[in-house]
Amino acid sequence: MRQVKTNYIALIVLALVTIFCGAMYLRSSVEQAIYDSTQPVARAELGSATLSVPTWNLFHAGKMWSLVSPEHHLESNFTPELAETTLDHAPGVTTIGKHIEGPLNSMFTAATSNNVNLMLSSAYRSATDQQELYDTLLGLRGSQYVQQYVAVPGTSEHQTGLAVDIASVSQGCKLDADACSLDATGITWLRTNAASYGFIERYPSGKQSITGVSGEHWHYRYVGVPLAKALSTANITLDEFVQQIAPGYAR
Ligand SMILES: [Zn+2]
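What you see is a predicted model, and the numbers here were worked out from it, not measured in a lab.

Chemist: When you look at the pairing of strand β7 (residues 199-203) in this model, what are you seeing that I'm missing?
Modeler: Moving residue by residue along a regular strand, the side chains alternate between the two faces of the sheet. Counting buried residues along β7, five of its five residues qualify, which places the element largely inside the surrounding structure. Inspection of the sheet shows β7 paired to strand β8 (residues 216-222) by four bridges, in the antiparallel sense. Bridging from a neighbouring strand, Phe-199 pairs with Tyr-222 of β8.

In structure tokens, the structure reads:
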């Protein structure tokens, strides 16, 4: 009788483990499907990593691997799917791209558990928002500043909903975006961990000749975990990746 009961319990445990593993496999396989398509259109060698390019669509305007810059304009009516953010934020920051909501929340939660408290100083900006920002900062800080730091409408990654500016939590930043800054601990934490959540430091200082933008240690761009990790490990920018793999989209 006792033997039967033990076998019965073992069977239930085995069934539960099987169901759990199956669910995990299904979940990870759905997440990975986009990268592991059976017929990738290309494979990229990035340092020691090999990355599959499942579809050229990822490089199209406003998509996850697209370049957005003075040479790569978004249509003025481009609008991504948006979500209200629940993260701490500066005034006027209300929405982020729906696509990055989960990864961004996970990254901020992980940072908090490491005693690094982050908030958003900027997130999605429409073409109109971008124009207003440009005009305001032109008035406040002059043309040299805006030429260096502020994109003209249609050329900002913020319009894709895939980019955010991150600051350390402070009362000042919650009241005024101009008071926001990312401290040294935050900078280091993000450089170490952001790739695990699919984000890259998009404009590293020292890479201005490649990105065309001065160092912005606060600006993070979502490109998905596999590419973020590969770029981070190989220490190359999104611009270099696109140039190497899809030069037609880099021109
Ligand atoms: Zn930014």
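Here the narrative resumes, following the displayed structure.
Chemist: Is there a simple way to explain the coordination of the zinc ion in this structure?
Modeler: In an ideal tetrahedron of four donors about a metal, each angle is 109.5 degrees. In an ideal octahedron of six donors, the angles are 90 or 180 degrees. Listed as protein donors to the zinc ion are His-158 (NE2), Asp-165 (OD) and His-219 (ND1); their distances from the metal cover 2.0 to 2.1 Å. Donor residues for the zinc ion sit on one chain with the sequence pattern H-x6-D-x53-H.

Chemist: I'm lost on the side chain of Thr-95 in this one. Help?
Modeler: Note that Thr-95 resides in strand β4 (residues 95-97). Thr-95 gets classed as buried once you look at its relative accessible area, which sits at 15%. Those residues in contact with Thr-95 that lie beyond four places of it in its chain are Leu-82, Ala-83, Glu-84, Thr-85, Ala-123 and Tyr-124.

Chemist: Looking at this structure, I do not really get helix α2 (residues 98-113). What am I missing?
Modeler: An α-helical segment advances 3.6 residues per turn. Residues three or four places apart therefore align on the same side. Taking 1.5 Å of rise per residue, the 16 residues of α2 would be expected to cover 22 Å, and the 24 Å separating its terminal C-alpha atoms lies within 8% of that figure. Among all positions in α2, only Ile-100, Pro-103, Leu-104, Met-107, Phe-108, Ala-110 and Ala-111 are buried. Against β4, β5 (118-122), β6 (163-168), α6 (184-193), β7 and β8 lie the buried residues of α2. Downstream of α2 by a residue or two, Asn-115 has a phi angle that is positive, lying close to 60 degrees.

Chemist: How should the packing of aromatic side chains be read in this particular structure?
Modeler: Any aromatic ring pair is given by two values, namely how distant the centres are and how the planes are angled relative to each other. Enumeration according to the criterion identifies eight aromatic pairs in this entry. Here Phe-59 and Trp-65 contribute two aromatic rings whose centre-to-centre distance is 5.6 Å and whose plane-to-plane angle is 65 degrees, an arrangement assigned as edge-to-face. Like Phe-59, the residue Trp-65 is buried in the burial classification. Among the aromatic residues, ring-to-ring pairing joins Trp-56, Phe-59, Trp-65, Phe-241 and Tyr-249 into one connected group.

Chemist: Honestly, the pairing of strand β1 (residues 42-46) in this entry has me stumped. Any pointers?
Modeler: Of the two faces of β1, only the one carrying Ala-42, Ala-44 and Leu-46 is buried; Arg-43 and Glu-45 on the other face are not. Alignment of β1 against strand β2 (residues 49-53), held across five bridges, turns out to be antiparallel. Note on β2: the bridge partner recorded for Arg-43 is Ser-52.

Chemist: Please explain the state of the cysteines as it appears in this structure.
Modeler: Here a disulfide denotes one covalent bond, and it connects the sulfur atoms of two cysteines. The tally for this structure, following the rule as stated, stands at one disulfide. Bridging Cys-173 to Cys-180, the disulfide has an S-S length of 1.9 Å. Across the disulfide from Cys-173 to Cys-180, rotation about the S-S bond amounts to roughly 90 degrees, and the bridge is consequently right-handed. A single burial state applies to Cys-173 and to Cys-180, both of which are buried.

What counts, and where the lines are drawn
Residues numbered from 1 in each chain as written. Predicted model: local features only at pLDDT ≥ 70, side-chain atom pairs only at ≥ 80, totals over all residues. Heavy atoms only, no water. Buried < 20%, exposed > 50% of the residue type's maximum accessible area, 1.4 Å probe, protein only. Helix = DSSP H or I, 4+ residues; strand = E, 2+ residues; numbered from the N terminus. Pairing = 2+ DSSP bridges. Donors = N, O, S within 2.8 Å, 3.2 Å for Na, K, Ca; no water. Contact = heavy atoms within 4.5 Å. Expected span 1.5 Å × (residues − 1). Phe/Tyr/Trp six-rings, centres within 6.5 Å; stacked < 30°, edge-to-face > 60°. Disulfide = S-S within 2.5 Å.

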